[in-house]
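Okay, here's what each chain looks like letter by letter:
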Amino acid sequence: MSILIDKKTRFLIQGITGKQGTRACHEMQEFGGKVVAGVTPGKGGEQVEGVPVYNTVKEALQHHHVDASVLYIPPKFAKEAIIEAIEGGISLLNVVTENIPIHDMAYCLALVKQKGARIVGACSAGIYSVGKAKSGSIAGGKSRLAFTPGTIGVMSRSGGMSCETSLVLTQAGLGQSTVVSMGSDVLMGSTFLDFLPDFEKDSETEGLVIFGEIGGTAEEELAAYLIQRRQSGNSYLKPIVAFISGKFAEAINVQNVSLGHAGAIIEGNKGTRKHKVKVLKEAGVIIAEVHHDLGRLMKQTLNGISER
Amino acid sequence: MKLKEFEAKKLLQAVGIPLTQSTLITSPSAIPSFQGDYFLKLQTLAGGRGKAGGIIPIKNSEQAKTRCQQLLGHVFLNETIHEILLDKKIDVTREFYVGILFDTSRKCPLLIFSEEGGVDIEKVKASSPEKIIIREINYLHGLKEADISPILSSFYADKKIKSRLKEILSKLYACFVRFDCKMIEINPLAITPKNDLVALDAVAVLDDDAHYRREIQFPERTDTRKATPREIAAHQIDKDDYRGVAGKTFLDLDGDIAILTSGGGASMTIMDALMEYGGKPANFTEYSGDPPKEKVEKLTRIVLDCPHLSGLLIGGVIANFTNIAETLGGVLTVLQERKPDFPIVIRRAGPHDEEAKRMLLQAKKELGLDIHYFDEKMPLTQAVNVMIELSNQYKKQRGLAHVHSH
């Protein structure tokens with residue numbers, strides 16, 4: 001098993017005729033994924049890597065069953081493309097586009113909530129169910145060497161570090177089940193918390209590794225969820241090891257522009273590395289102080305569990 | 001991008017939110033003649049202006065001129081003051097707080113209202129949280145009657161205040177949407193003796209990703225800290241050539257290890273590891289997105305333009321499409337020119353990395369450079385550890401100070 005995508009997933013690529021979209025299509029096919037259709041307005045009737053291109057999502061859906069859409073759409077047009085996919089009833093949207101205006105994302109996230117679909121991204125490098133299927137640019141080129149099939153679920157706020165995190169696991173002898181690059185914007189379609197139930201249900205996943213960053217509250221929400229589960233006598237049983245970057249950034253104070261007083265009353269002292277590490281530790285998450293320690297710590301933890 | 005008070009007020013004005021009568025002063029000679037109760041408000045990006053003495057009561061234009069001469073062009077709260085607002089003092093019976101911002105965990109805008117305004121809203125939250133009302137706004141529907149009515153009903157019987165407040169909240173939300181704000185707040189929103197409402201101060205943070213469609217444009221923010229010559233030179237590399245990114249972010253630091261990183265997440269992880277292992281960076285910079293050789297070459301020159309270096313660290317994750325031979329070729333050109341004697345640690349992998357490795361190892365042999373080349377088999381942060389150890393050895397051999405002994 002794996003989460004979100006597997007060998008059976010039928011993909012649509014929105015923006016398939018662009019350079020990045022075409023490249024992703026080629027790679028996704030190479031990894032054994034089923035890319036059933038592509039969409040680029042005005043390019044209907046063309047083919048990319050043998051995949052038929054349609055002018056609209058609606059048209060594509062008239063001819064194909066689609067489980068997931070990968071979006072390589074310029075930021076200015078991303079909102080319309082996301083709406084098209086949601087309205088079409090596609091249940092998983094992997095948005096790769098960077099720099100989507102936050103108000104456009106706010107609209108899409110409200111719509112997705114109403115319609116019951118799921119967005120991973122924006123600014124996601126992709127999703128990779130290792131050895132089965134991938135969505136997006138993740139594991140492209142030589143970086144595929146970083147991944148091996150296995151039992152660790154990986155969630156990362158950085159696209160590049162989703163690869164490096166998988167690499168240190170591979171080097172510690174730990175393969176990965178599904179690797180999710182979830183983006184790091186103020187408004188994210190899905191965060192750590194959203195994937196936890198999926199990984200819990202996935203019988204192949206034995207442990208989770210997280211690459212977190214300063215800013216936002218995704219790490220704090222994860223910690224609160226774990227604590228709440230523990231308090232209700234229903235602890236999350238799969239071990240979690242995390243690396244939270246930001247020591248340097250905080251030391252030289254290059255944090256994102258603060259949202260000022262209003263931000264402070266919503267987020268309080270959340271958002272700093274110190275706070276994230278503190279609450280994650282309280283929630284039972286093991287923290288790696290340097291990144292490559294993630295592999296060793298996860299291995300130790302899993303060995304500890306099997307000895308018990 | 002954060003706006004100053006007078007800029008944020010331009011947004012409020014555009015949607016018709018009432019403001020006090022005020023004049024923007026950028027030169028003392030431009031102060032109109034007046035007499036009466038006024039304030040000089042220094043235009044800063046940082047908060048806490050009032051407490052620090054940035055709002056000054058004034059009685060006439062002579063006084064104003066003298067103070068503006070003292071203040072304009074001078075540093076206040078680590079910022080150089082370029083603008084001062086001259087605001088007429090008005091009588092106020094009561095002050096509210098109102099703000100709208102995106103909440104990362106609820107994934108929607110929040111409307112925040114406090115019946116106590118004019119002070120730090122954090123303090124109100126701490127001392128009397130019951131005075132603060134927070135409403136989640138469904139972006140599909142916008143600000144609805146149901147979002148506003150709890151605010152209106154809880155405080156005032158006065159019909160005029162109610163209707164004015166309702167109007168201002170609607171206008172503020174419209175302003176938040178129309179100008180692609182990440183956050184906008186009015187604090188205080190004051191009630192006058194005639195029960196009119198007026199915005200006395202405002203803060204706004206704009207979404208840089210929506211810059212292209214904003215009707216009102218504001219000048220780019222320059223750093224509050226003055227850029228160093230190296231920082232200016234590095235930024236220029238990126239401005240001169242649109243291909244890839246190199247030098248867009250550059251920080252001059254006071255350590256002894258020169259840094260060339262690639263990729264956002266990777267660069268931060270490298271710097272974190274450097275700190276964890278006790279290393280001191282001489283700079284921070286990043287290149288990515290497959291920049292041409294010349295851009296990396298120029299950036300390398302700036303990175304190495306620093307006395308007393310004890311190492312050069314070049315690192316990134318496995319690249320998807322950045323040409324490793326091309327980019328490291330840019331580094332090599334500078335190394336060939338300068339032939340530094342300190343250790344150079346490289347951890348790079350990706351397209352054409354075999355060629356890059358060959359090239360650098362050849363230079364190592366021919367020029368006697370102390371190059372340590374690693375590919376993906378060496379974890380990124382492990383390579384940082386190698387850099388620190390080699391740098392410490394280098395300093396020890398040369399009897400240099402600041403060797404970390406562990």
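The structure displayed is predicted, hence computed values, not measured ones.

Parameters and conventions
- Residues numbered from 1 in each chain as written.
- Chains lettered and ligands numbered in written order.
- Predicted model: local features only at pLDDT ≥ 70, side-chain atom pairs only at ≥ 80, totals over all residues.
- Heavy atoms only, no water.
- Helix = DSSP H or I, 4+ residues; strand = E, 2+ residues; numbered from the N terminus.
- Rg over C-alpha atoms; globule rule 2.2 N^0.38 Å.
- Buried < 20%, exposed > 50% of the residue type's maximum accessible area, 1.4 Å probe, protein only.
- Contact = heavy atoms within 4.5 Å.
- Areas by Shrake-Rupley, 256 points an atom, 1.4 Å probe, with all protein chains shown as cover.
- 1 Å grid on protein atoms, 1.4 Å probe; cavity = no way out; pocket = protein on both sides within 12 Å on 5 of 7 lines; lining within 4 Å.
- Points joined across faces, edges and corners; volume = space filled by probe spheres on them.
- Nonpolar A, V, L, I, M, F, W, Y, C, P; charged D, E, K, R; others polar.
- Domains from an automatic or database assignment.
- Axes fitted to C-alpha atoms, helices over the stretch in contact; angles between N-to-C directions.
- Parallel < 35°, antiparallel > 145°, perpendicular 65-115°, else oblique.
- Pairing = 2+ DSSP bridges.

## Side note on the overall build of chain B
Reasoning step 1: Regarding its fold elements, chain B presents 11 helices and 19 strands.
Reasoning step 2: Relative to its length of 406 residues, chain B is extended, with a C-alpha radius of gyration of 28 Å against a globular reference of 22 Å.
Reasoning step 3: Once the C-alpha set of chain B is aligned to its principal axes, its extents read approximately 85 × 50 × 40 Å.
Reasoning step 4: Taking all 406 residues of chain B together, the buried fraction comes to 54%.
Reasoning step 5: By sequence separation, contacts in chain B at least 24 residues apart represent 71% of the contacts at least 6 residues apart.
Reasoning step 6: Here chain B displays about 17,900 Å² of accessible surface, and carbon together with sulfur accounts for 51% of that area.

## A short note on the layout of surface pockets
Reasoning step 1: The calculated volume of the second largest pocket comes to roughly 830 Å³.
Reasoning step 2: Around the second largest pocket sit 38 residues that line it, and Arg 49, Ile 55, Asn 187, Pro 188 and Asp 201 of chain B are the ones nearest its centre.
Reasoning step 3: Of all the secondary-structure elements, those providing two or more residues to the lining of the second largest pocket are helix H9 (260-267) of chain A together with strand E1 (2-3), strand E3 (35-42), strand E7 (84-88), strand E11 (181-191) and strand E13 (202-206) of chain B.
Reasoning step 4: Counting residues per element, the lining of the second largest pocket draws most heavily on E11 of chain B, which supplies four residues.
Reasoning step 5: Here the residues of the lining of the second largest pocket are counted per class, giving 14 nonpolar, 10 polar and 14 charged.
Reasoning step 6: Structurally, the lining of the second largest pocket is a two-domain feature, drawing no fewer than three residues from each of domain 1 (21-88) and domain 2 (94-206) of chain B.

## Description of the domain arrangement of chain B
Reasoning step 1: What the domain assignment reports for chain B is domain 1 (21-88), domain 2 (94-206) and domain 3 (229-394).
Reasoning step 2: Distance from the C-alpha centre of domain 1 of chain B to the C-alpha centre of domain 3 of chain B: 46 Å.

## Some details on the packing of helix H6 (residues 192-201) of chain A against helix H7 (residues 218-231) of chain A
To characterise two packed helices, one gives the angle between the axes of the helices and the distance between these axes.
Residue and element names in this part refer to chain A.
Reasoning step 1: The N-to-C vectors of H6 and H7 enclose an angle of 45°; their axes lie 8 Å apart at closest approach. Between H6 and H7, the crossing angle belongs to the class labelled oblique. Here Phe 192, Leu 193, Leu 196, Pro 197 and Glu 200 of H6 lie close against H7, whose contacting residues are Ala 218, Glu 219, Glu 221, Leu 222, Tyr 225, Leu 226 and Arg 229.

## Quick look at the pairing of strand E13 (residues 240-244) of chain A
Residue and element names in this part refer to chain A.
Reasoning step 1: Counting buried residues in E13 gives five out of five residues, a clear majority hidden from the surface.
Reasoning step 2: Across the two faces of E13 the burial is the same, with Ile 240, Ala 242 and Ile 244 and Val 241 and Phe 243 all buried.
Reasoning step 3: Where strand E12 (residues 207-212) lies against E13, five bridges are found, and the strand directions are parallel. Looking across to E13, one finds that Val 209 is bridged to Val 241.

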